[in-house]
Structures are given as structure tokens and as C-alpha cells.
Amino acid sequence: MTTRRPMRRGMTLLEVMVALLVTALVVGLGYATLGSAMDTQDRTSAVRDAATSQAAARALLTDALRHVVDGRAIDSEGWHATPATDGTTARLAFVSRGLVSPLGASGRWQVVVAPHEGALWLSAESLDAAAPRLAVRLPNTTAMRLRFRSRTDAGWVSRWDDATRVPLAIEVQWLDAAGQPVGAPFVARTAPVGDA
């Protein structure tokens, strides 16, 4: 006569511990993968936002310079490019008519590009009408290097000291805190308009 062994029900303690360990490893890997994906998404969003701000500032500055008010048409306070001691430009300020439609025929706007609170800002404020102030913060950008092209000379210069004359063109290079270029430089050609 054969004896039957009783059927085994349940799991041993060792099997339960192995199952818990495998489950913990799978959950840990899933959590790490999710965290990595979220970090990648955050970095991608930051890069996209920085590129959008750079493009907006570039377009706004290019348009404003294209419709700059000739310094002789307003006063000697109309055009300033303040140099910094390290060869960069600390502040660029001028009056423009090209910030709202129709471009080149709007009221006057005071445009300023200068560092503020650890970043470079481009701002524009209406001088003639009640309009909201425009401001664009350039992330990862703390300074700018400008070069100017005279209307009479063929070369580029790093300083522009004549507040009554507007240069023919301006080359703009955004810089980070280490003085390294942020994006490619761009050239904005000016086409001064009178104040009237």
C-alpha cells in the first residue's frame, strides 16, 4: 500500500522573502526610470523655454533697432551704449518706434537691455501712450558683447560714444556668467526714423 504525501499549501518563509525582494527590485527600477524621465522632461522644458526667450528677445531687439529714433531727432539722451570694464557692454538704451503694429509708425518706446537680478533683461516702456511695459528675461544670459558698424567707416568697433548718431548696424552676442557665448551672434541693421 502506498502512502500519499499531503499536498503542500502556501509558501515557505524563504519563498516569501525572495518574492518580496524581486518585487522591491522591480518597483525600485520603475521608480528610477520614472524619475529619470521626469528629469529629462524638466531639462528639455528648460532648454525650450530658454530658446523661446532668446528668440523673443532677438526679434524684439532687431525690430526695435530697425525703427530706432535718430538721436539728433530727440536729444543727447536718446542713444546710449555704456561699456563695461571687461570689454562687454553694460547697458544699451535707445528710443524706437518699432515695437507695436504698424511697425515703424508707433509711438516712441524707451528700450533698455541691461543686467538685472543675475540675468540680462530686455525691456521696453512707452513714452507716448499708456501701454503695458514689455520685458523679456534671457535665461542663462548675464551680459552682452556689442560691436557697432559706422555709417561712414567700413569696420566694426567695440565702443560707440556718440549719443546723437545711430550706428549702421549692431552685432549682438549674448554671454553667460562665465563669459561664454549663448547662441550665435546676430546683426541688427538700423534704419533711423525721425521723431515727428
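See the structure above.
Residues numbered from 1 in each chain as written. Predicted model: local features only at pLDDT ≥ 70, side-chain atom pairs only at ≥ 80, totals over all residues. Heavy atoms only, no water.

Asker: It is not clear to me how the overall build of the protein chain should be interpreted in this structure. Could you clarify?
Answerer: Within the protein chain, the secondary structure is distributed over one helix and nine strands. Counting helices and strands in the order they occur from the N terminus, the protein chain gives α-β-β-β-β-β-β-β-β-β. For the protein chain, the proportion of its 196 residues judged to be buried stands at 33%. In the form shown here, the protein chain has an accessible surface area of approximately 12,200 Å², with 59% of it arising from carbon and sulfur atoms. (Helix = DSSP H or I, 4+ residues; strand = E, 2+ residues; numbered from the N terminus. Buried < 20%, exposed > 50% of the residue type's maximum accessible area, 1.4 Å probe, protein only. Areas by Shrake-Rupley, 256 points an atom, 1.4 Å probe, with all protein chains shown as cover.)

Asker: What am I meant to see in the pairing of strand S3 (residues 109-116) here?
Answerer: Successive side chains on a regular strand alternate, one facing one side of the sheet and the next facing the other. For strand S2 (residues 89-96) and S3, the ladder comprises five bridges, and the chain directions are antiparallel. Looking across to S3, one finds that Leu92 is bridged to Val113. Sheet analysis places S3 next to strand S4 (residues 119-126), joined by eight bridges and oriented antiparallel. Bridge pairing in S4 links Ala114 to Trp121. Between the antiparallel neighbours S3 and S4 lie two residues, among them Glu117 with a positive phi of about 50 degrees. (Pairing = 2+ DSSP bridges.)

Asker: Would you mind going over a nonpolar patch on the surface with me for this structure?
Answerer: Taken together, Leu14, Val18, Val22 and Val26 make up a surface patch of nonpolar side chains, about 380 Å² in accessible area. Tracing the backbone through its elements, the reader meets Val18 in helix H1 (residues 13-66). Overall, Val18 belongs to the partly exposed group, its relative accessible area being 46%. (Patch = residues over 30% accessible without salt bridge, like charges linked within 9 Å, V, L, I, M, F, W, Y side chains within 5 Å. Salt bridge = Lys/Arg side-chain N within 4 Å of Asp/Glu carboxyl O.)

Asker: I'm lost on the packing of aromatic side chains in this one. Help?
Answerer: Scanning the model with the defined rule gives two aromatic pairs in all. Ring plane angle 55 degrees and centroid distance 5.8 Å describe the contact between Trp174 and Phe186, whose orientation is recorded as tilted. With Trp174 in strand S8 (residues 169-175) and Phe186 in strand S9 (residues 186-189), this pair connects stretches of sequence that are twelve residues apart. Residue Trp174 shares its accessibility class with Phe186, and that shared class is buried. (Phe/Tyr/Trp six-rings, centres within 6.5 Å; stacked < 30°, edge-to-face > 60°.)

Asker: Explanation requested: the side chain of Thr62 in the structure shown.
Answerer: Secondary-structure assignment places Thr62 in helix H1. A polar contact of 2.7 Å, which involves the side chain of Thr62, links it to the backbone oxygen of Arg58. Discounting chain neighbours no more than four positions away, the residues touching Thr62 are Phe186 and Ala188. (Polar contact = N/O pair within 3.5 Å; in protein donor to acceptor, adjacent residues only side chain to side chain. Contact = heavy atoms within 4.5 Å.)

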